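Chain by chain, the residues:
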Amino acid sequence: MARQNKDVKVRRLRIALTDDESHKELWVKSLPKATFIFAVISSFVIAAALFFMLFAFTPLKTFIPGYPDARTRQEAIRNAIKIDSLENAVARWAFYSDNLLRIVEGKEPVSLDSLIKTVSDTSIDKRDVKRMAANDSLLRVKVAAEEQFAVSDNTRSLTIEGMQFFTPLKGVISKPYDAVMHPYLDIAGPAGSPVMAVLGGTVIGTWWDAEMECVTYIQHENDIVTAYKHSQKNLRKAGDKVAAGSAIAIVGDHLHLEVWYKGKPVDPSKYINF
């Protein structure tokens, strides 16, 4: 008889809730065996999915060991900026120590202009030299053509330190100015924000470049030229007169700002509050 019971196939299962004291059945559910197995597997799958969604799409994921929170990401950005600054500092010290050694040995020190030329020669593809020269020639032609607008006021001779600059973009400096390696500022701000002219002047050139995206050059009085690059859209055209603080472009992923005074690049952060 026992052997016959072992051979009996289980076709249905019954799930029941029973009172422990009275042994009264409070709830009874009869299910086919296949349905019961399917229900158990489905319950595990749904529970696992809910558990995953709870930690993947809610702030609870920050409690997972090793998951980077907002503070960690901000610290990573700050560390990246510090590393970049340290690399520039190391390059300057290496240049200084090399020149000091050359002077001690009685050799001619390396000039800053030759170092800039060496960095440019090693970082720029030779195939781009002709294209860059052509762009420079076009800019010179545009500047010469815009001389008729007479934006320079010869009766006023304020120095750059005495002029009031407008902040071009509300954001943070993502890469600082360096006279040798990075003679301009990179400013990170919300994409789609307007880029403002830092001074009043006349637009002397606007175009789109494959590397710098939308570019705007403005001539100001006292021999100051500013350049705004990496914009996603230009709002002005050559010949337009603009006031300080007026919108000239729409920023893309960041703003590349150059300030030229008497033909030389200067640090914009010395004159502009960010």
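Residues numbered from 1 in each chain as written. Predicted model: local features only at pLDDT ≥ 70, side-chain atom pairs only at ≥ 80, totals over all residues. Heavy atoms only, no water.

Caption draft 1: Just the overall build of the chain, in detail. A count of helical and extended segments in the chain gives five helices and 11 strands. Taking the contacts inside the chain whose residues are at least 6 apart along the sequence as the reference set, 55% of them involve residues at least 24 apart. Surface summary for the chain: the accessible area is close to 18,900 Å², and the carbon and sulfur share equals 61%. (Helix = DSSP H or I, 4+ residues; strand = E, 2+ residues; numbered from the N terminus. Contact = heavy atoms within 4.5 Å. Areas by Shrake-Rupley, 256 points an atom, 1.4 Å probe, with all protein chains shown as cover.)

Caption draft 2: Just the packing of aromatic side chains, in detail. Tallied over the entire structure, the rule returns two aromatic pairs. Consider the rings of W207 and Y217, whose centres lie 5.5 Å apart with planes at 20°: the pair is stacked. One end of the pair, W207, is in strand β6 (residues 201–209); the other, Y217, is in strand β7 (residues 213–220), and 10 residues separate them in sequence. Overall, the relative accessible area of 22% leaves W207 in the partly exposed class. (Phe/Tyr/Trp six-rings, centres within 6.5 Å; stacked < 30°, edge-to-face > 60°. Buried < 20%, exposed > 50% of the residue type's maximum accessible area, 1.4 Å probe, protein only.)

Caption draft 3: Structural view of the environment of D240. Note that D240 resides in the loop between β8 (224–234) and β9 (241–242). Considering only alpha carbons, one finds D240 and I218, 22 residues apart in sequence, at a separation of 9.4 Å. When residues no more than four places from it in sequence are discounted, the contact partners of D240 are G201, T202 and V203. Within the structure, the side chain of D240 is placed 3.0 Å from the backbone nitrogen of K237, a separation counted as a polar contact. (Polar contact = N/O pair within 3.5 Å; in protein donor to acceptor, adjacent residues only side chain to side chain.)

Caption draft 4: Structural view of unusual backbone geometry. Even without a glycine there, the phi angle at E213 is positive, about 60°. Turning to its location among the elements, E213 is positioned in strand β7. Residue E213 is classed as partly exposed on the basis of its relative accessible area, which comes to 27%. Located in the positive-phi region is N222, a residue other than glycine, with phi close to 60°. Mapped onto the elements, N222 comes out in the loop between β7 and β8. Owing to a relative accessible area of 11%, N222 belongs among the buried residues under this scheme.

Caption draft 5: Representation of a nonpolar patch on the surface in the model. Together, I15, L17, L26 and W27 line one region of the surface with nonpolar side chains, adding up to about 400 Å² of accessible area. For the nonpolar patch, the secondary structure elements donating two or more residues are β1 (12–18) and β2 (25–32). If you trace the backbone, I15 turns up in strand β1. (Patch = residues over 30% accessible without salt bridge, like charges linked within 9 Å, V, L, I, M, F, W, Y side chains within 5 Å. Salt bridge = Lys/Arg side-chain N within 4 Å of Asp/Glu carboxyl O.)

Caption draft 6: Spotlight on the pairing of β8. When you tally the buried positions in β8, you get nine out of 11 residues, the bulk of the element. Here β7 pairs with β8 via six bridges, running antiparallel. By the bridge assignment, C214 is partnered in β8 with S231. Hairpin connection from β7 to β8: three residues lie between these consecutive antiparallel strands, with N222 at a positive phi of about 60°. Where β8 and strand β10 (residues 247–261) come together, nine bridges link them in antiparallel fashion. Its bridge partner being in β10, K233 is matched across the sheet by I250. (Pairing = 2+ DSSP bridges.)

Caption draft 7: Structural detail: the confidence of the model for the chain. Averaged over the chain, the pLDDT score is 79; the fraction of residues at 70 or greater is 75%. Below pLDDT 50 for its whole length, residues 151–156 participates in seven contacts with residues either more than four positions away or in separate chains. (pLDDT = per-residue confidence, 0-100.)

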